[in-house]
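Chain residues, written in single-letter form:
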There are 2 protein chains.
Amino acid sequence: MKQMSDTSTAKAQPTTQKFVYNFGSQTDGNATMRELLGGKGANLAEMASIGLPVPPGFTISTEVCTYFYDHDRTYPASLAEDVKQAIQSVAEQMGRGFGDAANPLLVSVRSGARDSMPGMMDTILNLGLNDETVEGLAKISGNPSFAWDCYRRFIQMYGDVVMGVEAANEESEDPFHVILEETKKAAGKAQDNELTEDELKELVVKYKALIARETGSEFPQDAYDQLWGAVGAVFGSWKNERAILYRQQYGIPAEWGTAVNVQAMVFGNAGNDSGTGVAFTRDPASGEKVFYGEYLTNAQGEDVVAGVRTPKAIAEMADELPENFADLEKVRARLEEHFKDMQDFEFTIEGGRLFILQTRNGKRTGLAAIRIAVEMNKEGLIDQKTALLMIPAESVDTLLVPVFDPEAQEAAKKICGGLPAGPGAATGRIAFTAAQAEIEARKGNKVILCRSETSPDDLKGMLHSQGILTTRGGVSSHAALVARQLGKVCVCGAGDITINYEKKTLVANGVTLKEGDYISINGTTGSVYEGLIESADSEVKRVLEGTLKAEESYTYQLFQTVMDWSDEFRTLRIRTNADTSAMAEQAVAFGAEGIGLCRTEHMFFEGSRIDDMRQMILAVDGVQRREALKKLLPMQRQDFVGLFRAMGDRPVTIRLLDPPLHEFLPHDDAVRRQLADKLGLPLEFVIDRIKALHEENPMLGCRGCRLGILYPEITEMQVQAVFEAVAEIKTNDGTEVNPEIMIPLVGFKAELADQLKVVRRVAEQVMKDKGVTIDYLVGTMVEVPRAAITADEIAEQAEFFSFGTNDLTQTTLGLSRDDMGLFYDEYQRKEIYSKNPFASLDKTGVGKLMQFAVANGKQTRPDLKLGICGEHAGDPSSIDFCHNLGLQYVSCSPPRVPIARLAAAQAALRAGN
Amino acid sequence: MKQMSDTSTAKAQPTTQKFVYNFGSQTDGNATMRELLGGKGANLAEMASIGLPVPPGFTISTEVCTYFYDHDRTYPASLAEDVKQAIQSVAEQMGRGFGDAANPLLVSVRSGARDSMPGMMDTILNLGLNDETVEGLAKISGNPSFAWDCYRRFIQMYGDVVMGVEAANEESEDPFHVILEETKKAAGKAQDNELTEDELKELVVKYKALIARETGSEFPQDAYDQLWGAVGAVFGSWKNERAILYRQQYGIPAEWGTAVNVQAMVFGNAGNDSGTGVAFTRDPASGEKVFYGEYLTNAQGEDVVAGVRTPKAIAEMADELPENFADLEKVRARLEEHFKDMQDFEFTIEGGRLFILQTRNGKRTGLAAIRIAVEMNKEGLIDQKTALLMIPAESVDTLLVPVFDPEAQEAAKKICGGLPAGPGAATGRIAFTAAQAEIEARKGNKVILCRSETSPDDLKGMLHSQGILTTRGGVSSHAALVARQLGKVCVCGAGDITINYEKKTLVANGVTLKEGDYISINGTTGSVYEGLIESADSEVKRVLEGTLKAEESYTYQLFQTVMDWSDEFRTLRIRTNADTSAMAEQAVAFGAEGIGLCRTEHMFFEGSRIDDMRQMILAVDGVQRREALKKLLPMQRQDFVGLFRAMGDRPVTIRLLDPPLHEFLPHDDAVRRQLADKLGLPLEFVIDRIKALHEENPMLGCRGCRLGILYPEITEMQVQAVFEAVAEIKTNDGTEVNPEIMIPLVGFKAELADQLKVVRRVAEQVMKDKGVTIDYLVGTMVEVPRAAITADEIAEQAEFFSFGTNDLTQTTLGLSRDDMGLFYDEYQRKEIYSKNPFASLDKTGVGKLMQFAVANGKQTRPDLKLGICGEHAGDPSSIDFCHNLGLQYVSCSPPRVPIARLAAAQAALRAGN
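Sequence order sets the numbering: in each chain, residues are counted from 1 along the sequence as written. Labels are handed out in written order, letters beginning with A for the chains and numbers beginning with 1 for the ligands. Per-residue local features are limited, in this predicted model, to residues with pLDDT of at least 70; the limit for side-chain atom pairs, both in listing and counting, is 80 or more; totals at the level of whole chains, interfaces and linings are taken over all residues. Note that the side-chain values use all heavy atoms of the structure and ignore hydrogens as well as water.

A.B. asks: Any chance you could explain the sheet that holds strand 18 (residues 497-500) of chain B here in plain terms?
C.D. replies: Strands pair in a sheet through their backbones, by hydrogen bonds, and they do so in one of two ways: parallel or antiparallel. Residue and element names in this part refer to chain B. What the three strands build is an open sheet, ordered 18-19-20; its pairing is antiparallel. For this open sheet the edge positions go to strand 18 and strand 20 (511-514), each flanked by a neighbour on one side alone. For this sheet, the mean angle separating the axes of adjacent strands, direction not counted, is 20°. Two strands qualify as a pair provided that DSSP identifies no fewer than 2 bridges between them. In this text, helices come from DSSP runs of H or I with a minimum length of four residues, and strands from runs of E with a minimum of two, each type numbered from the N-terminal end. For strand 18 and strand 19 (residues 505-508), the ladder comprises four bridges, and the chain directions are antiparallel. Every axis in this analysis is a line fitted to C-alpha atoms, fitted for helices over the stretch in contact. Angles between the N-to-C directions lie between 0 and 180 degrees.

Following this line, the structure appears as structure tokens:
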């Protein structure tokens, strides 16, 4: 018998005394060491070792982060000495000295987690500058205003990030920025880089005074004090609020921790033959194979990202800095060739010399992910398996989501254009703050978040919005990056728009819109429209429905390629949860291979049926109940005929009536009165009966098989309807339907045995009456822990198990999905659930019960059919789990069928089968 | 790692070809073979082998019963031949022939399950008679009317039991009986045994005609046909309705099956030197060592049982049949000496010769069970261990509950019956609301709280009442649960009663009672009486309270003997669930060794505290909440001081606030208005807040540790109160209290970690402030499946586990205790639950999770403290399970502590340690 597997998760203790890994002339790491060095550190090491021009530095490993949090924010004893040696090695390679007044080494200190979390954690640049070394830098660079500009930037960043000088409240501005603006105004300067040496010196004095005033501590002058302050701040930022939120969103475990990268500074702000930029080896929005990115001359990296100056497109560099551009093109090719993926890399040119500061697999839209994977395969760079594994399964959704109705878009008033940064079409009410976006969303309204630029603080507001519109910043700005990652529609850098936060207005080309007005953005084209625009079906959907030709839609071709590849590699069957023939048809178009869950109760809500259903529920005895059921029988039979016809000879699992009966009864007095009149019953009787059916915990009450055991006539009617429908299809269409009857909420084998008897008896009767033979299965949902625990017994009766993981999660965790709202925010904030257990399967808890049920169920019945029909069946990581568990199919909602097909293929590839 | 043990429960297949076991001149079985032969068959074999005068016969084993139900009511192929050989052997021993017209062998065919189920299954006597053999019997007995009386009895019994001739409906009489009465009337005879041979012959003709008319089949004349008909009927009766009901009641598994005993008939109706009787070796009501029983001369056994003629007391036999009486006294002594238990045996005297037809351990009252066990030990018949194991642990309860004066109860008017839910007798004035109950109680009156059903709001009223009567809800309803917990008398689900809250009346079967009228309820029987019936405390309670001397109460001496023995053998510690010092004192008097569960929320309902609690709940932010908590702190601290003082240095486990907050809020508008006025809040705000706190499934909602995680200030206040109370006791009394803080509803280790941090922080602070050191533990309740599944992780943080098996059962089974009423009756009828899973631990489901949790928890923390505090902790069979699971203690309600002490000893003895 297979046992529950050991899940000993004792904290990873450092298994080695090596905490510091160099890169540069000597390189200790490589790209495979992401867990230990983080993505950034591992890739810096890799680039150094393949000869790309990386400034030297070292990485403090993620093990130190774990140690840091396990030991009250302290470090391993040996770390101080290791860091000292590493920094001296960097100084030697650069020919400088750390804290050396005459010839100072400056470094950057950056975070770097296993998976990139852009902008979520802290960064410090220009570290090593103090009142003395700034003079040394002035001398060796021959550019005193550059040196003082670096120093004032460093103080500002350090004061903010390490020493905690913050704006008084959300409305007030960054106090460093206030001083900068005052100084510029006094000096009559428009741009930061116009300030003179003396003006910059004055700024430094004021900044230092601000820090002393706000924090009660002086800005530190010792280079090592600065370094340890920065290292602590970076490790500390792993648990800041936005990092936590981000991890929640992307399911990154809190235990991973971040590494810290310390790297020699190179200066893009050292003059006009210097510059800095961010580039993508392909277009991260469309996926097209073009060199994509932007740069600024005489600037540091933060200027590009912050969107303070609008950067130039990378193509312009061919004219402005032709030699560097040629080098950059070579780097672009080398990176893709080496890393076999689209790269997002940062570079700096210092005095005409190119340095690569980091590279990572570029974030991309869903569309781009698919296009890049398919095209890289066509180019021979990667094989099909690698291509499939490169596509986040959820990406497929972006090919299926609605676009603007072409005519409606034509008719709408375009007010301006911006950069297309997150494809798709979005329409909604204008919100100028993240908070307002959340408020509108909670009202149930669609929202477009409109900001001059976004910062990590806006993450929650972005999550609540349909789309994001910014007036500043390029395609690598924060807004663009996050939008692409969240799959949000985004237009950025729409420079014609002016936002007035105080007046809560947005003005563009003479059109003024207020907060709450409708606006529409097309993230595929960059266009911005006044008012609401109706959306239309995606190209893929139109091809599937025959209103667009396949050869006219490249999007469809990409979709089809990915689906074809997926079908080749996956072993899991994909079914769908559908209750109507319309849903069934849609699912089949998307590739569904059967129905894994038909909820028969949905059929009872339609039209006037609800009255017959209510009559059945209000019946005082079996005779009256049978009377009412007789009226429901032909309707239910017709529904099944429609459903079976839509599915052809694909398998269909029908779940017998599941919800508590009171769910069908009216809640307000007027409807109760109408019902009483209609059924000719006294109102008081109706009210009393409804009261009698009231339940304290309906989730755990009289539902599922408990209904069928209490009222076998309901089971009889439903089974009769199913088998008569099958007989009708067989006789009229000649199609063989093999229904699978599913008994819900079974926890005891005797429950299943009781219902099984009814099913078999009625099935036999119908087959006899209709003169047909029907192959069918009877099985159960596994949705309470006891069913999983006693799977060996239940499999004596059940021919299949379908895991109902919604309810199984509710019961295993003792957690009502409907009631978790009250505390869920706080749970997220405290990272108590690593992911929402209703969105992604709780593998440690619920998953272990499933493993147990599969092992023990199969022991009793080796050919037990196994599937899952909870919401989790559409979640890629849960699908991966289900594949490894040995299930035969997953059954998800129709729109998620394509995602499930891809996810199933990836699961098979990852498992090596 | 210990794994979930294999529970392969594949049906027991016959492992031997031997299905038939003889007793008589050759005896195949013995008393240890109850499983295979049933109790009756095993004991017949045993008696035969020790030389008691048993008529020969044979037993068809329970394996055949299993086969019978597994194979569509057919028999193993070899059975027919085996039975034929066995019956021929019996015929030889009796010197007769089966179906032999000249010298016929007659047999009885009876059921016999592993545990006796008296009267529940079918019996056939005088089998082998037909139109020919009756003449033979007439000749060899020399008594034709005896022969024809046997024949007519046989036809009547066979027609009823095997051929299914039944009364037309419940009101109409047994048709055989109707014919008998007509015949007697026509003949002018008063008694059956006055009928003449001819009249009996006429009766036989009429009976056979009745059978042919009613069943369409002739009464079978072939002796073997008769035998197989009878065997099938007896096996079939294993699943008749009353047998099922009986098994439910006594927890006998349906899988056991019955054996069938075929035995040569002897005749107590063969003349005046013949007779039959039933005797007990001691008085089964009082347990006193006197010969007890009754007999009839010239009668068959059924006449004694059916009560057609009034039997005589066994003592009279000494005069009437002195030789037989002397033999019987010898048999009585021999049976007790051999079986080492009080025996209930049947005998028949045929022509002056004594036969013993069966013996079994006699059913007895609780009192008798204890007295017999203790006295048999004193007599040297059994050792202490055997004596302890002979007492059903529940019996102890009968020594503790108050009782009605028997004569007064006899004289009172019974108005209806309900479910016996809290044993004992209570009488008092009717109160229809909790408030009224309190008013009456404060006047010094005894009160019975009468409600359709109770809710947590009624707790205070229940505390003030002698007993609780409800018209809805079963033995596991809120009323029943709380009543048992509080040791209150309770009758619930008295469906014949209608309560009219407006008119303040209670109507039952034509009797109308008003509020303030006296009513009496017997919670041991479920009966409800009009008016006052005097009751008294049990003798044991009076001795424990010092109002009766120990030496004056034999009952107390019995109690104390059993408790002393129990304490000697048990290894489990017995704790109690208590929330007040009064409960704690009672529990200590009963022998509790600690508190395993103090529900802190109960402290919030008392007096005016509920208002402060409500203010806390209605607070809009942490500041307001802390304000309200400040008022609750001193009250809670004083409660703990009282509790700790009552418990001395015994361990006390305190569970932090557990129920959803809305349980504390008022449900009716008037009280809401009062509350709003009192707190100076707008009524609408109060209503809105109550609405916002509403939950669909409160059982799975914002409760347990979720509350403390959401509102850490509540945890802080509670922990502060506990530790300040411990400090006070330590300083003032010099007593060391080591509190155990229990975090409820934990499913994730992160939940526990969060609350643990708060507990440790506050504890440290109090210790520092008060200058004391306090040893304490922090642990968790295991009450959702995930906690059990991830016990290894949770034990990293938890220093103890306490199994909260009420909630663990609800979540594991997906079954709300409050809502199962709707279908529970039907589930019982269909034997879907072998026992109510809330009364007795579901060992297959919940138990397996517990095993898993214990094994994995201990792996992480070998010294993990383990206990149980669910209601199951007071259930003997669950206590047995807990002992074997390796728990250190069970914690039950105060009145169940003595039962638990005994049950724990029995568990240890059964386990051989």
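From this point on, the discussion continues.
A.B. asks: So what exactly am I meant to see when it comes to the packing of aromatic side chains here?
C.D. replies: In this description, an aromatic ring pair is defined by two values, namely the gap between the centres and the angle between the planes. Here a Phe, Tyr or Trp ring, Trp counted by its six-membered ring, pairs with any other such ring whose centre lies within 6.5 Å, and the pair is stacked when the planes are under 30 degrees apart, edge-to-face when over 60, and tilted otherwise. Under the criterion given, the structure shown has 51 aromatic pairs over all chains. Where F404 of chain B meets Y529 of chain B, the ring centres are 6.3 Å apart and the plane angle is 90°; that geometry is what we call edge-to-face. Placement of the pair is F404 of chain B in strand 11 (residues 403-404) and Y529 of chain B in strand 22 (residues 527-530), with a sequence separation of 125 residues. With a relative accessible area of 6%, F404 of chain B lands in the buried category. Working definition: with a 1.4 Å probe on protein chains only, accessible area under 20% of the residue-type maximum means buried, over 50% means exposed, and in between means partly exposed. On the basis of relative accessible area, Y529 of chain B is assigned to the buried category, the value being 6%. Geometrically, the ring pair formed by F640 of chain B and F644 of chain B is stacked, given 6.0 Å between the ring centres and 20° between the ring planes. Of the two residues, F640 of chain B and F644 of chain B are both situated in helix 23 (residues 622-647); the distance of four residues between them amounts to about one turn of the helix. Using a relative accessible area of 0% as the deciding quantity, one classes F640 of chain B as buried. Given a relative accessible area of 1%, F644 of chain B falls into the buried group. Taken together, the ring pairs in this structure connect F68, Y69, Y75, W228 and F235 of chain A into an aromatic cluster. Over the face of the ring belonging to Y69 of chain A we find K239 of chain A, whose NZ or CZ atom lies 4.7 Å from the ring centre. Both a distance and an angle decide whether a charge sits over a ring: NZ of Lys or CZ of Arg must be within 6 Å of the ring centre and within 35 degrees of the ring normal. Over the ring of F748 of chain B we find R786 of chain B; its NZ or CZ atom is 3.7 Å from the centre of that ring.

A.B. asks: Just checking my understanding: could you explain the nonpolar core for this structure?
C.D. replies: Generally speaking, a soluble globular protein has its nonpolar side chains buried in company with each other. F644 and F803 of chain A together with F644 and F803 of chain B are the most contacted members of the largest nonpolar core, which totals 311 residues. In this description, contact between two residues means that some pair of their heavy atoms is separated by no more than 4.5 Å. In this view, F644 of chain B contacts V652, I654, V722, A725, V726, I729 and V737 of chain B; residues no more than four positions away in its chain are not counted. In this structure, M163, A243, V260 and L459 of chain A belong to the second largest nonpolar core, which totals 81 residues. Only buried residues count toward a nonpolar core. Its members are Ala, Val, Leu, Ile, Met, Phe, Trp, Tyr and Cys residues joined through side-chain atoms within 4.5 Å.

A.B. asks: Whenever I open this one, the domain arrangement of chain A confuses me. Can you help?
C.D. replies: How large an interface is tends to be reported as the accessible area lost when its parts come together. Just so you know, the domain bounds were taken from an automatic or database domain assignment. Each assigned domain of chain A is listed with its residue range as follows: domain 1 (4-264), domain 2 (275-361), domain 3 (401-536) and domain 4 (570-660 + 695-911). Placing the centre of domain 3 of chain A and that of domain 4 of chain A at their C-alpha centroids yields a distance of 41 Å.

A.B. asks: How should I be thinking about a negative patch on the surface in this particular structure?
C.D. replies: Residues qualify for a patch when their relative accessible area is over 30% and they have no salt bridge, like charges being joined within 9 Å and the nonpolar side chains of Val, Leu, Ile, Met, Phe, Trp and Tyr within 5 Å. Accessibility throughout is a Shrake-Rupley quantity obtained with a 1.4 Å probe, and a residue counts as covered only by protein chains that appear here. Take a side-chain nitrogen of Lys or Arg and a carboxyl oxygen of Asp or Glu: if they are within 4 Å of each other, that pair is a salt bridge. For the charge count, each Lys or Arg is scored as positive and each Asp or Glu as negative, with His and the chain ends excluded. A single reference atom marks each charge: NZ on Lys, CZ on Arg, CG on Asp, CD on Glu. The grouping of D160, E166, E173 and D174 of chain A at the surface amounts to a negative patch. Take D174 of chain A: it is sitting in the loop between helix 5 (144-161) and helix 6 (175-187).

A.B. asks: Please clarify how helix 2 (residues 62-70) of chain B should be interpreted in this entry.
C.D. replies: Owing to its 3.6 residues per turn, the α-helix brings residues three or four apart onto one side. Within helix 2 of chain B the residues assigned to the buried category are T62, E63, V64, C65, T66 and F68 of chain B. Of the surrounding elements, those touching the buried residues of helix 2 of chain B are helix 1 (34-49), strand 2 (57-60), helix 3 (79-94), helix 8 (223-236) and strand 5 (258-264) of chain B.

A.B. asks: Just to check I follow, could you spell out the sheet that holds strand 24 (residues 573-577) of chain B for this structure?
C.D. replies: Residue and element names in this part refer to chain B. If you trace the eight strands once around the closed barrel, you get 24-25-26-27-28-29-30-31, paired in parallel fashion. Sheet twist, expressed as the average angle between the axes of neighbouring strands with direction ignored, equals 25°. Both strand 24 and strand 31 (residues 889-892) contribute to a ladder of four bridges, which runs parallel. Bridge assignment links R575 to a residue of strand 31, and that residue is S891. Helix-sheet contacts for helix 27 (residues 712-733) involve strand 26 (652-655) and strand 27 (739-743), and the interaxial angle to strand 27 is about 175°.

A.B. asks: Explain the interface of chain A and chain B to me, please; I cannot follow it from the model alone.
C.D. replies: On the side of chain B, 57 residues touch chain A, which itself brings 56 residues to the contact. Carbon and sulfur atoms supply 59% of the area buried between chain A and chain B, which totals about 5300 Å² over both sides. Buried area is calculated as the accessible area (1.4 Å probe) missing from two parts once they are joined, with the contributions of both summed. If you sort the residues of chain A by the area they bury against chain B, L700, I789 and L822 of chain A come out on top, with a joint share of 11%. Along the contact surface separating chain A from chain B lie four salt bridges. Polar contact is defined as a pair of N or O atoms within 3.5 Å, subject to the rule that within protein one atom must be able to donate a hydrogen and the other to accept it, and that residues adjacent in sequence are counted only when both atoms are side-chain atoms. Here chain A is connected to chain B by 22 residue pairs in polar contact (both at pLDDT 80 or more). Counting residues per element, the side of chain A that touches chain B draws most heavily on helix 33 (residues 843-860) of chain A, at five residues. Residues belonging to the side of chain A that touches chain B are distributed by class as follows: 25 nonpolar, 14 polar and 17 charged. Just so you know the grouping, Ala, Val, Leu, Ile, Met, Phe, Trp, Tyr, Cys and Pro go in nonpolar, Asp, Glu, Lys and Arg go in charged, and all remaining residues, Gly too, go in polar.

A.B. asks: Looking at this model, I keep getting lost on the UniProt feature "domain: Pyruvate phosphate dikinase AMP/ATP-binding" (unreviewed entry) in chain A. Mind explaining?
C.D. replies: Residue and element names in this part refer to chain A. UniProt positions are given in the numbering used here, feature names are shortened, and annotations may be inferred rather than shown by experiment. Taking the UniProt record as the reference, the feature "domain: Pyruvate phosphate dikinase AMP/ATP-binding" (unreviewed entry) is found at residues 35-72, 77-314 and 324-377. Between the C-alpha atoms that bound residues 35-72 the distance is 22 Å, and the span itself is 63% helix and 11% strand. As a span, residues 324-377 carries 52% helix and 31% strand, and end to end its C-alpha atoms are 30 Å apart.

A.B. asks: What is the right way to read the packing of helix 6 of chain A against helix 7 (residues 197-215) of chain A from this model?
C.D. replies: To describe two helices that pack against each other, one gives the angle between their axes and the distance between the axes. Residues and elements named next belong to chain A. In contact at an axis separation of 10 Å, helix 6 and helix 7 are set at 150° when each is read in the N-to-C sense. The orientation of helix 6 relative to helix 7 falls into the category roughly antiparallel. When you trace helix 6 past helix 7, the crossing you get is right-handed. In this structure, helix 6 contributes P175, F176, I179, L180, T183 and A187 to the contact, and helix 7 contributes E199, L203, K206, Y207, L210 and I211. For the contact of helix 6 with helix 7, the residue count by class is nine nonpolar, one polar and two charged. Convention used here: angles under 35 degrees read as roughly parallel, angles over 145 as roughly antiparallel, angles from 65 to 115 as roughly perpendicular, and any remaining angle as oblique. Note on convention: the crossing is left-handed when the near helix lies turned anticlockwise from the far helix by less than a right angle, right-handed when the turn is clockwise.

A.B. asks: Would you take a moment to explain the side chain of S108 of chain A for this structure?
C.D. replies: Residues and elements named next belong to chain A. Along the chain, S108 falls in strand 3 (residues 107-113). For S108, a relative accessible area of 2% gives the class buried. Residues within four places of S108 in sequence aside, it is in contact with I124, L125, N261, V262, Q263 and M265.

A.B. asks: What is the right way to read the packing of helix 5 (residues 144-161) of chain B against helix 8 of chain B from this model?
C.D. replies: All names here are of chain B. Where helix 5 contacts helix 8, the axes come no closer than 10 Å and their chain directions differ by 50°. One way to sum up the angle between helix 5 and helix 8 is to call them oblique. Crossing handedness for the pair helix 5 and helix 8: left-handed. Contact residues: F154, Y158 and V161 in helix 5; D225, Q226, G229, A230 and A233 in helix 8.

A.B. asks: Looking at this structure, I do not really get the environment of T524 of chain A. What am I missing?
C.D. replies: All names here are of chain A. Note that T524 resides in the loop between strand 21 (518-522) and strand 22 (527-530). Discounting residues that sit within four places of it in the chain, T524 has contacts with P420, G422, P423 and G424. Polar side-chain contacts of T524 include one of 2.9 Å to the backbone nitrogen of G424.

A.B. asks: For this particular structure, what's the right way to read the side chain of Q810 of chain A?
C.D. replies: Mapped onto the fold, Q810 of chain A is located in helix 31 (residues 805-813). Sequence-distant contacts of Q810 of chain A, that is, excluding residues within four places in its chain, are made with M699, L815, S816, R817 and F838 of chain A together with L700 of chain B.

A.B. asks: Would you explain helix 8 of chain B in this entry?
C.D. replies: Residue and element names in this part refer to chain B. Counted at 1.5 Å a residue, the expected span for helix 8 with its 14 residues is 20 Å, and the 20 Å between its end C-alpha atoms agrees. The buried fraction of helix 8 amounts to 10 of the 14 residues, a majority that puts the element mostly inside the structure. Every buried residue belonging to helix 8 is among A223, Q226, L227, A230, V231, G232, A233, V234, F235 and G236, and all of these are buried. In a helix, the anticipated span is given by 1.5 Å times the number of residues less one.

A.B. asks: What exactly am I supposed to notice about the confidence of the model for chain A here?
C.D. replies: Should the pLDDT be low somewhere, the predicted coordinates at that spot are not to be read in detail. Residues and elements named next belong to chain A. Predictor confidence is given residue by residue as pLDDT, running from a minimum of 0 to a maximum of 100. Overall, the predicted model of chain A reaches an average pLDDT of 90, with 96% of residues at or above 70. Note on residues 1-15: pLDDT is under 50 here. Beyond four places in sequence and across chains, it has 34 contacts. Predicted complex, confidence summary: ipTM 0.79, pTM 0.79.

A.B. asks: Would you take a moment to explain the pairing of strand 22 of chain A for this structure?
C.D. replies: The two faces of the sheet receive side chains in turn, since in a regular strand these alternate between them. Residue and element names in this part refer to chain A. Of the pairings in the sheet, the one linking strand 12 (residues 413-417) to strand 22 comprises four bridges and is antiparallel in character. Each residue of the ladder has a partner; that of C416, found in strand 22, is V528. In the sheet, strand 21 pairs with strand 22 via four bridges, with the strands oriented antiparallel. When the sheet's bridge partners are listed, S520 is paired in strand 22 with Y529. Linkage of strand 21 to strand 22, two consecutive antiparallel strands, is achieved through a turn of four residues, within which G526 is found at a positive phi near 90°.

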